[in-house]
Amino acid sequence: MSDASYLSLRKLTLAYGDSVAVPDLDLDIRRGELIALLGPSGCGKTTTMRAIAGLLPVKSGHVRLDGADITRVPANKRAVGLVFQSYALFPHLSVYENVAFGLKLKGMRGAELDAKVQSGLKSVGLSSFANRKPAELSGGQQQRVALARSMVMEPKVLLLDEPLSNLDARLRLEMRTELQRVQKETGVTMIFVTHDQAEALALADRIVVMKSGKIEQIGSPEDIYNRPLSSFVADFVGFENIFPLVEGKLKTSGGLVDLSSQAPSAAGLAWRPRMVTLGTGPFRGTVRGTSFAGDSREYLLDTSMGPIKAEVEASLPAHAMGSDVSFNLPAEKAAPLSRFA
Amino acid sequence: MTIRSLFIPLILFLVITFLIGPFLIIVAASFSAGETLAFPPQGFSLRWIGKVFTVESFRASFGMSLFLAVGGTAAALVLGIPASYALSRYKLPGAEIVRTIVSAPIIVPGIIVGLALLRYIVVPFQVGITPALFLAHTALVLPYAVRVVSASLDNLRSDIEEAAVLLGSSRLGAFFRVVMPNIRGGILSAFILGFVTSFNQVPVSLFLSGPGVRTLPVDMIAYMEIVFDPSVAALSSLLAFLSIGIVFLAERFLGFSRYV
């Protein structure tokens, strides 16, 4: 086993009955990495996570973890932890008993068990809540119990399903820090599933963007945010102006603009609204919508290329609704896309 | 006072009169000192309450009813809990049909259930009286067991079972470790409801009772056909207070009404 493929999925095909949710997935995850599976609902990210956990049978392909093929290993023997989106705490057990649940099944008893549970609770700051029932805790506290319950088992991989989505903004930041700290202290390999790009960018070492059961792009948060490779990823991370290139040329009302020197092999180009400049430039459009956003002003332009979204400094002179305005799509700022779908 | 403002109190009065009235009459009659079942009671005595405990057939049929209520309900739960679990957790083909069949004994009149059991099961297969009654009471209680247990299963998230499995438990272990403890209230409620249903059951038991083997309500009817003294009223009162007591305790300690 090489460290680069501590957890590896090989030609993994997952299906619900006859409908294939994930076809032929290949993915390698390093030991100690913090990975985000990012994508819209229905992209197969949760399905993939459930297959890694062993909750969903694999149709074909392999899951290897720490050198062993675990494709057919039942979920209760995998040493994979999962923090559920709903936390899934046992309502009839106290916080202490929840954390002790898995350890007791391992046969741990007495002082050893107590020490382990106490340290688990301490690590998430809930020592004083040991005797409470889950229903008496806030959402954030419940999640930390769920985290402690999984972590005391010392899983080889910890999976988290939408770990921040049920929390309010303040707790979200707190939990994000908490997850990073736990990961750093224990070195556990973490994979979390999310549909929120901000969450993935903030937390992950590497992001795996998925669409329709397939991996669209794998990269660092910077890669994904700045250098999306496909129109889907570009759209997902906020490039709202995305255009196909036809033989290196961008089609406009004034004819084709040759961009082959800037983006020789690109299938398309994408600009964030922030990258569009207004007032000067070779293109023209009509202001169809405008809104003030504090530091900036957002415009929706009707152009021969289709609608264009622009966001410019609020200090610049405003353009009225209906007025004609010239604009530029600076080719050097654009993200070149290798796939346009 | 307008007619409108009298209407609601009138309805309330009628409801209370017809629901509670007969019960009060029976209770009053059971303390009568007279020789026949009559209202208003003649004098006051505890002689009929005392007599209830001396009638040999009442003792035997009470034992039978208790056995059927406890045993039949327990059997219905042993069948009903797994059935409810399967119906609530898996998308099974024909689940609706199973639900309907299981609920049938509630909908079909007891007379018909009794006749059908007698004609098509008890007689052709030569089933003894006690096993036949046991079978019938199990079937009659099953719908309540499935309904009440299903309700508490539906309120329980299924991901706690997956959580238990990922912490090292087997699927079956997860059922006993995290499902059963969380539906305990529902199971106890189903038990009490089933017990009361079975204990008060008349029509089916009427068909299936036989020489020397009767349930208490059937025995009471038989007794009244021969002897018209207030001891039946006394027994009815005792049973009613027993039922009220059980339901009161259940509500007090289990929040019974949440499940029914």
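Residues numbered from 1 in each chain as written. Chains lettered and ligands numbered in written order. Predicted model: local features only at pLDDT ≥ 70, side-chain atom pairs only at ≥ 80, totals over all residues. Heavy atoms only, no water.

> Just give me the short version of a nonpolar patch on the surface, but keep the residues and values in it.
Residues Phe7, Ile8, Ile11, Leu12, Val15, Ile16, Leu19, Ile20 and Leu24 of chain B make up a contiguous nonpolar surface patch of about 890 Å² in total accessible area. The class for isoleucine 20 of chain B is partly exposed, based on a relative accessible area of 40%. (Patch = residues over 30% accessible without salt bridge, like charges linked within 9 Å, V, L, I, M, F, W, Y side chains within 5 Å. Areas by Shrake-Rupley, 256 points an atom, 1.4 Å probe, with all protein chains shown as cover. Salt bridge = Lys/Arg side-chain N within 4 Å of Asp/Glu carboxyl O. Buried < 20%, exposed > 50% of the residue type's maximum accessible area, 1.4 Å probe, protein only.)

> Report on helix 8 (residues 171-179) of chain B, specifying residues and quantitative values.
All of the buried residues in helix 8 of chain B are Gly173, Ala174, Phe175, Val178 and Val179 of chain B. The inward-facing, buried residues of helix 8 of chain B contact helix 2 (95-105) of chain A together with helix 3 (56-89), helix 6 (129-154) and helix 7 (159-166) of chain B. (Helix = DSSP H or I, 4+ residues; strand = E, 2+ residues; numbered from the N terminus. Contact = heavy atoms within 4.5 Å.)

> Account for helix 3 (residues 110-123) of chain A, naming residues and giving values.
Residue and element names in this part refer to chain A. Helix length check: helix 3 (14 residues) gives 20 Å between terminal C-alpha atoms against 20 Å at 1.5 Å per residue, within 8%. All of the buried residues along helix 3 are Leu113, Val117, Gly120 and Leu121. One side of helix 3 holds all its buried residues, which, seen down the axis, span an arc of 95 degrees. Opposite the buried face of helix 3, at more than 90 degrees from it, the exposed residues are Ala111, Glu112 and Lys122. Packing partners of the buried residues in helix 3 comprise helix 2 and helix 4 (139-151). Positive phi appears at glycine 125, one or two residues downstream of helix 3, with a value of about 70 degrees. (Expected span 1.5 Å × (residues − 1). Arc of directions from axis to C-beta.)

> Can you lay out the interface of chain B and chain A for me, pointing to particular residues and giving the numbers?
Contacts between the two partners involve 18 residues from chain B and, on the opposite side, 19 residues from chain A. Contact with chain A buries area across many residues of chain B, yet Glu162, Leu166 and Leu167 of chain B alone supply 43% of it, more than any other trio. For the pair chain B and chain A, the interface holds one salt bridge. Elements represented by at least two residues in the side of chain B that touches chain A include exactly helix 7 and helix 8 of chain B. (Buried area = accessible area lost by both parts, 1.4 Å probe.)

> Go over the pattern of salt bridges with me, naming the residues and quoting the values.
If you walk through the whole model with that rule in mind, you get 25 salt bridges over all chains. For glutamate 162 of chain B, the salt bridge is made with arginine 50 of chain A, and the minimal N-O distance between the two is 2.6 Å. On the criterion of chain membership, the pair formed by glutamate 162 of chain B in helix 7 and arginine 50 of chain A in helix 1 (residues 45-53) is interchain, its members lying in two chains. The partner of arginine 339 of chain A in a salt bridge is glutamate 216 of chain A, with the nearest N and O atoms 3.8 Å apart.

> Can you break down the sheet that holds strand 15 (residues 277-293) of chain A residue by residue, with the values?
Residues and elements named next belong to chain A. In space, the four strands of this open sheet follow the order 17-16-15-18, with antiparallel pairing throughout. A strand with exactly one partner marks an edge of an open sheet, and here the two such strands are strand 17 (306-313) and strand 18 (324-328). In this sheet, neighbouring strand axes are inclined to one another by 50 degrees on average, regardless of whether the strands run parallel or antiparallel. Pairing between strand 15 and strand 18: six bridges, direction antiparallel. From the neighbouring strand, glycine 285 faces strand 18, where its bridge partner is valine 325. (Pairing = 2+ DSSP bridges. Axes fitted to C-alpha atoms, helices over the stretch in contact; angles between N-to-C directions.)

> Break down the nonpolar core for me, citing the residues and quoting the values.
Phe90, Leu147, Leu159, Ile191, Phe327 and Leu329 of chain A are the most contacted members of the largest nonpolar core, which totals 142 residues. Each of domain 1 (3-234) and domain 2 (240-337) of chain A accounts for three or more of the residues forming this core. (Core = buried A, V, L, I, M, F, W, Y, C linked by side-chain atoms within 4.5 Å. Domains from an automatic or database assignment.)

> Lay out the pairing of strand 6 (residues 80-83) of chain A with the relevant residues and their values.
Residues and elements named next belong to chain A. Alternating residues of strand 6 divide into Val80 and Leu82 and Gly81 and Val83, and every residue in both groups is buried. Relative to strand 7 (residues 157-161), strand 6 runs parallel, the two being bridged by four bridges. Bridge pairing in strand 7 places valine 83 opposite leucine 160.

> Hey, could you go over the side chain of serine 230 of chain A for me, with residue numbers and the actual values?
Residues and elements named next belong to chain A. Along the chain, the position of serine 230 falls in the loop between helix 7 (221-226) and helix 8 (231-236). Exposure remark for serine 230: the relative accessible area of 2% places this residue in the buried category. At a separation of 2.5 Å, a polar atom in the side chain of serine 230 contacts the side chain of glutamate 216. Discounting residues that sit within four places of it in the chain, serine 230 has contacts with Glu216, Gln217, Leu337 and Arg339. (Polar contact = N/O pair within 3.5 Å; in protein donor to acceptor, adjacent residues only side chain to side chain.)

> Give me the lowdown on the packing of aromatic side chains, citing residues and values where you can.
Applying the stated rule across the entire model yields 13 aromatic pairs over all chains. Plain terms: the ring middles of phenylalanine 62 of chain B and phenylalanine 199 of chain B are 5.8 Å apart, the flat faces sit at 70 degrees to each other, and that makes the pair edge-to-face. One end of the pair, phenylalanine 62 of chain B, is in helix 3; the other, phenylalanine 199 of chain B, is in helix 9 (residues 184-199), with 137 residues separating them in the sequence. We classify phenylalanine 199 of chain B as buried; its relative accessible area is 6%. Taken together, Tyr85, Tyr90, Phe175 and Phe176 of chain B form an aromatic cluster joined through their ring pairs. For arginine 149 of chain A, the ring lying beneath its charged end belongs to phenylalanine 90 of chain A, and the centroid distance is 4.6 Å. Its end group placed over the ring of phenylalanine 239 of chain A, arginine 272 of chain A keeps NZ or CZ at 4.3 Å from the ring centre. (Phe/Tyr/Trp six-rings, centres within 6.5 Å; stacked < 30°, edge-to-face > 60°. Lys NZ or Arg CZ within 6 Å of the ring centre and 35° of its normal.)

Purely spatial values, then, with no claim about function.
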